[in-house]
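An overview of the molecular structure
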Amino acid sequence: MADPKGFLKHSRADAPKRPTDERLGDWHEVYAALSAEDRNEQVSTQAARCMDCGIPFCHSGSAGCPLGNLIPEWNNMVRRGQWEMASDRLHATNNFPEFTGKLCPAPCEAGCVLAISPEAGGAVAIKRVEETIAEVGWENSYVSPRITEEHTGKRVAVVGSGPAGLAAAQQLTRAGHEVTVYERDDRIGGLMRYGIPEFKMEKSALDRRLAQMREEGTKFVTGCEVGADLTVDDLRAGHDAVVLAVGALRGRDDTTIPGRELDGVHLAMEHLVPANKELEGDGPTPISAEGKHVIILGGGDTGADCYGTATRQGALSVTQLDNYPQPPGERDDDLSPWPVWPYVLRTYPAHEEAGERKFAVAIESFVGDAEGRVRTVRLRHVEVSRDENGRRQVVPVSDEIEELPCDLALLAIGFEGVERMPLLDGLGIELTKRGTIGSGSNWETTAPDVFVCGDAHRGASLVVWAIAEGRSVAHAVDSHLMGTSELPSPVHPTALPLAV
């Protein structure tokens, strides 16, 4: 069992970061390189804080990890130095623990018993333990291709190569099906390739996992817009089942802001995608922040990604705007009692590097020059409320106007669902009111033999939910094709995280 006094002996310790000046000079991940010995010792100490608490909310699907990661088990193995066993247990529930270890905001830590009170020293640094187990696994060849010897003769198409599509593809390949992943971009990875900046996850982590999948037998086709380059009829004729993992990339816009049409005002992905393509060697981005005053509207993950990208591109200033008031520094039990996801101020590494954040403000207008380029943004202090129909309202609370210089404005205000595409028209699939693709209890859409998972089904969400849905849809497809399945199914299509 775990060390029952571990949390009394040791405090929470996150991974050390590189100096900010050094981070701003390159695109490498923000965390400092440690020797394997020092890293493993630090992480083993952190794993020893796990309480073996009896009811592990950390891997509860509603309050913690939807994958059901066996967190207390591999914490104890790490504490004992049993890294290979820990790697096996981690991979039993998670196809890509290095992705979640780098990118997931860790609802498991919010559900940790040690997160109930600050006096306990803070939650176990589960995310750090998870990522380290994954890295040790690669370093010591504990991770290798799992090549099946039995083949079903069934062919499955997976459309989209984000974490949901990749998880579904790997599971179905390992079940013995012939799986082909179709991606409209020129490289595999979806948002992990072109949405997530290099400083959050270096793409070498993605590439080595793709190499494993290729060795296992998964096939990849890039530069293929299904429904156009490959017709729906040909897709159906060539496969026994289809999985839609096309994401929810329709960015939310606000065309009501005066001046939105000015040059230099863009949706966030119009900035992030070419910035990532530049790092892949595709030439300079057409939307660079170099030498510009940058305004980012939106306080979430995507806004923080734009923030860190702009500072590395050499922005003169970066200001991130949020309509909501600044959240508290610690959990307020009246607003978000443990173990639900806490409403607290989230400071990303990018925020430590440069720039500033402003809360409870909204853009009244963008002001341009004679050439039609944005040069100034006018701000008002606001309050967010709901009308009688529950619709969100942003209401000015004063007449005071604040003006900030602005040469580049990025709207990172969320996503509205699945992009409209010829594939859906060809399949006869209508989007739900939320802009997503609906499914029955077995993940099948209204189109026979066509299934859906990930953001396309759930709406823009976390990488851990994408992988969980990818694994679950693989179980559904395997059952559909074979009558039964031994693949795991960690979440139901209607599953929701615990919230208040």
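Scroll up a little and you will see the structure.
Residues numbered from 1 in each chain as written. Predicted model: local features only at pLDDT ≥ 70, side-chain atom pairs only at ≥ 80, totals over all residues. Heavy atoms only, no water.

Counting secondary structure elements, the protein contains 17 helices and 14 strands. On C-alpha atoms alone, the protein measures out to a radius of gyration of 23 Å, which is about the 23 Å that the 2.2 N^0.38 rule sets for 500 residues. Along the first, second and third principal axes, the C-alpha set of the protein runs to 70 × 65 × 50 Å. Here the protein holds 500 residues, and the buried ones make up 52% of them. In the protein, once contacts between residues fewer than 6 apart in sequence are set aside, the share between residues at least 24 apart is 69%. (Helix = DSSP H or I, 4+ residues; strand = E, 2+ residues; numbered from the N terminus. Rg over C-alpha atoms; globule rule 2.2 N^0.38 Å. Buried < 20%, exposed > 50% of the residue type's maximum accessible area, 1.4 Å probe, protein only. Contact = heavy atoms within 4.5 Å.)

Overall, parallel pairing links the five strands, which are arranged 3-2-1-4-14 in an open sheet. The open sheet terminates on both sides in strands that have one partner only, identified here as strand 3 (219-221) and strand 14 (450-452). Adjacent strand axes in the sheet meet at a mean angle of 20° when their direction is disregarded. Sheet contacts for helix 9 (residues 163-174): strand 1 (155-159), strand 2 (178-182), strand 3 and strand 4 (241-244); angle to strand 2, the most-contacted strand, approximately 165°. Against the sheet, helix 17 (residues 463-482) engages strand 1, strand 4 and strand 14, with an angle of about 165° to strand 14. (Pairing = 2+ DSSP bridges. Axes fitted to C-alpha atoms, helices over the stretch in contact; angles between N-to-C directions.)

Attention now goes to the nonpolar core. Core analysis: the largest hydrophobic core is formed by 44 residues, its most contacted members being Leu-166, Met-201, Val-243, Val-473 and Val-477. For this core, the secondary structure elements donating two or more residues are helix 6 (97-103), strand 1, helix 9, strand 2, helix 11 (203-216), strand 4 and helix 17. A total of eleven residues in this core trace back to one element, the largest contributor, which is helix 17. In this structure Val-477 touches Val-156, Leu-172, Ala-241, Val-243 and Phe-451, once residues within four positions along its chain are discounted. In terms of nonpolar packing, the next biggest core, distinct from the first, is built from 23 residues, Cys-50, Cys-58, Ala-106 and Cys-112 among them. (Core = buried A, V, L, I, M, F, W, Y, C linked by side-chain atoms within 4.5 Å.)

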